Amino acid sequence: KTQKVEPVENYPKVTPKSKKPKKPKQPTNMKTASTLSWVFPGMGHYYSGRTGKGLFYTSLELVALAGIAATSSSYSEESEAYNLALSDYDVLLADVNATPDDKTIMQQTITDALDAKNGAMVGLIGVGSLSAVVWIWNIIDVKKSKSQSYSSHNPVSVGINSRGQIEARISF
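Residues numbered from 1 in each chain as written. Predicted model: local features only at pLDDT ≥ 70, side-chain atom pairs only at ≥ 80, totals over all residues. Heavy atoms only, no water.

Asks: Can you lay out the nonpolar core for me, pointing to particular residues and giving the numbers?
Replies: Membership of the largest hydrophobic core is limited to eight residues, which are Y82, A85, Y89, L92, A98, M106, I110 and A113. Broken down by secondary-structure element, the contributors of at least two residues to this core are α3 (51–94) and α4 (100–144). With four residues, α3 is the single largest residue contributor to this core. Dropping the residues within four chain positions of it, L92 is found in contact with A98, D102, K103 and M106. (Core = buried A, V, L, I, M, F, W, Y, C linked by side-chain atoms within 4.5 Å. Buried < 20%, exposed > 50% of the residue type's maximum accessible area, 1.4 Å probe, protein only. Helix = DSSP H or I, 4+ residues; strand = E, 2+ residues; numbered from the N terminus. Contact = heavy atoms within 4.5 Å.)

This is the structure in structure tokens:
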């Protein structure tokens, strides 16, 4: 008995892995994107496929966190300098040979140290507030992208337009 062999063109073709049809992309779950935006700025944008905005918000937050680290270090140093000046003043007050000029100079040193400490605190509060603003702005932007008609639900919107500019809209 002889077996019948089919011609090669009738065999099923093997599709290379790179040529296989892609699965249709699942629609983004905006509830998950919104939840991720609460975790860290930019994560919700990455999840929803907007990597440009995700990178923008992540980099802004990382810069703000670096500012917090730098200003908290500065505040710590200024606080230690102020406490040292106070303890030096206490030692000076106990010294019976201290002149009124010594006391005046030491009081000025304490005042200068307190001013430096307060200046460092203002910087720390400013950078901390900036970090909070970036976080909230990120959350609002992810929630805004849920709906195409966002302005009809909220008459005021702030965001970044397609040219990377900050844009505020008020609709009546």
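Asks: Which residues make up the pattern of salt bridges, and what are the values?
Replies: Applying the stated criterion across every chain yields a total of three salt bridges. For the salt bridge of D141 with R50, the shortest nitrogen-to-oxygen distance reads 3.6 Å. Pair noted here: D141 is in helix α4 and R50 is in the loop between α2 (43–47) and α3, with a separation of 91 residues, a long-range link. Salt-bridge contacts for D141 lead to K144; the nearest nitrogen and oxygen are separated by 3.7 Å. In this pair, D141 and K144 are both assigned in helix α4, three residues apart and thus about one turn of the helix distant. Residues joined in a network through salt bridges with shared partners are R50, K53, D141 and K144. (Salt bridge = Lys/Arg side-chain N within 4 Å of Asp/Glu carboxyl O.)

Asks: Before we move on, could you go through the packing of aromatic side chains and cite the residues and values that matter?
Replies: How two aromatic rings sit relative to each other is set out by the distance from centre to centre and by the angle between their planes. The final tally for this structure, using the stated rule, is four aromatic pairs. Ring plane angle 75° and centroid distance 5.6 Å describe the contact between F40 and W135, whose orientation is recorded as edge-to-face. On the criterion of sequence distance, the pair formed by F40 in the loop between α1 (30–39) and α2 and W135 in helix α4 is long-range, its members being 95 residues apart. A relative accessible area of 24% places W135 in the partly exposed class. Every member of this aromatic cluster is reached through a ring pair, and the members are F56, Y57 and W137. (Phe/Tyr/Trp six-rings, centres within 6.5 Å; stacked < 30°, edge-to-face > 60°.)

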